[in-house]
Amino acid sequence: VEDGCYNIQMNGIKNVKIIQGDVCKVLESIEIPDIVVVDPSRVGIEENVIKIIGNNYKNFGKPKVVVYSSCNYKTQVRDIKLFSQLGFEVKKVIPIDMFPQTHHVEVIALIEGK
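Model, not experiment: these values are computed from the prediction.

Caption draft 1: Seen up close, the overall build of the protein. Within the protein, the regular secondary structure consists of 4 helices and 4 strands. What you see in the protein, going N to C, is helices and strands ordered as α-α-β-α-β-α-β-β. Structurally, the protein occupies a C-alpha span of about 40 × 40 × 25 Å along its principal axes. Evaluated residue by residue, the protein yields a buried proportion of 32% over its 114 residues. Here the analysis covers contacts within the protein between residues at least 6 apart in sequence; of these, 64% occur between residues at least 24 apart. When the accessible surface of the protein is summed, it comes to about 7,900 Å², and 54% of that surface belongs to carbon and sulfur atoms. In the protein, the 14 positive side-chain charges and the 14 negative ones have mean positions that sit 6 Å from each other.

Caption draft 2: Structural detail: the environment of asparagine 55. By the secondary structure assignment, asparagine 55 is in the loop between α3 (47-54) and β2 (65-70). For the pair asparagine 55 and phenylalanine 83, spaced 28 residues apart in sequence, the C-alpha to C-alpha distance is 9.6 Å.

Caption draft 3: Looking closely at the sheet that holds strand β1 (residues 35-38). Read across the open sheet, the 4 strands follow the order β1-β2-β4-β3; overall the sheet is mixed. Both edges of this open sheet fall to β1 and β3 (88-96), since each of them pairs with a single strand only. When the angles between neighbouring strand axes are averaged without regard to direction, this sheet yields 15°. With 6 bridges joining them, β2 and strand β4 (residues 106-113) adopt antiparallel strand pairing.

Caption draft 4: Quick look at the pairing of β4. Relative to β4, β3 runs antiparallel, the two being bridged by 8 bridges. When the bridges of β4 are listed, phenylalanine 88 appears paired with glycine 113.

Caption draft 5: Representation of the side chain of threonine 75 in the model. Structurally, threonine 75 can be placed in helix α4 (residues 73-85). In terms of polar contacts, threonine 75 uses its side chain to reach the backbone carbonyl oxygen of arginine 42, at 3.1 Å. A polar atom in the side chain of threonine 75 sits 3.1 Å from the backbone oxygen of asparagine 72. With near-sequence residues (within four places) excluded, threonine 75 lies in contact with Arg42, Val43, Gly44, Tyr68 and Ser70.

Caption draft 6: View of unusual backbone geometry. Even without a glycine there, the phi angle at glutamine 101 is positive, about 65°. As for its position among the elements, glutamine 101 is in the loop between β3 and β4.

About the criteria used
- Each chain has its residues counted from 1, running along the sequence as written.
- Thresholds applied to this predicted model are a pLDDT of at least 70 for local features of residues and 80 or more for the giving and counting of side-chain atom pairs; totals over whole chains, interfaces and linings are not thresholded and use all residues.
- In computing side-chain values, all of the structure's heavy atoms are included and hydrogens and water are not.
- Helix and strand definitions follow DSSP, with helices as H or I runs of at least four residues and strands as E runs of at least two, each counted in order from the N terminus.
- Partly exposed describes any residue whose relative accessible area lies between the buried limit of under 20% and the exposed limit of over 50%, with all areas from a 1.4 Å probe on protein chains only and scaled to the type maximum.
- In what follows, residue pairs with any heavy atoms lying within 4.5 Å of each other are defined as contacts.
- Areas reported as accessible are Shrake-Rupley estimates using a 1.4 Å probe. Residue values count occlusion only from the protein chains shown.
- Charge counting treats Lys and Arg as positive and Asp and Glu as negative, with His and both chain ends excluded.
- By convention, the charge on Lys lies at NZ, on Arg at CZ, on Asp at CG and on Glu at CD.
- What makes two strands pair is DSSP finding at least two bridges between them.
- Between N-to-C directions, angles cover 0 to 180 degrees, with each direction set by a line fitted to C-alpha atoms, over the stretch in contact for helices.
- Here a polar contact is recorded for every N or O atom pair within 3.5 Å, except that within protein the pair must consist of a potential hydrogen donor and a potential acceptor, and residues adjacent in sequence are included only if both atoms are side-chain atoms.

See the structure below:
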């Protein structure tokens, strides 16, 4: 978060906002942006968080795109099924071998709202 804030300031970026806090509390108090980037722990995203993101929360609308980075493809698949039930569609999945000579793979999914 500190690096992100520093980069925003140093590069004069005006269209990015970093919000830090408990995800449920934060999502309840903001307008859902056009693009949501999530990088949860191995346990994935809590179901209630997916519902907040995907259910036109407080009539703010859905994001157009969710970029989902995961170190656990099994929980990512589970979460993508929930996003699909809320009208989202997977457009692209990219595995990234960030840890050579191990079984760990990071998986990035591009998920679009319909």
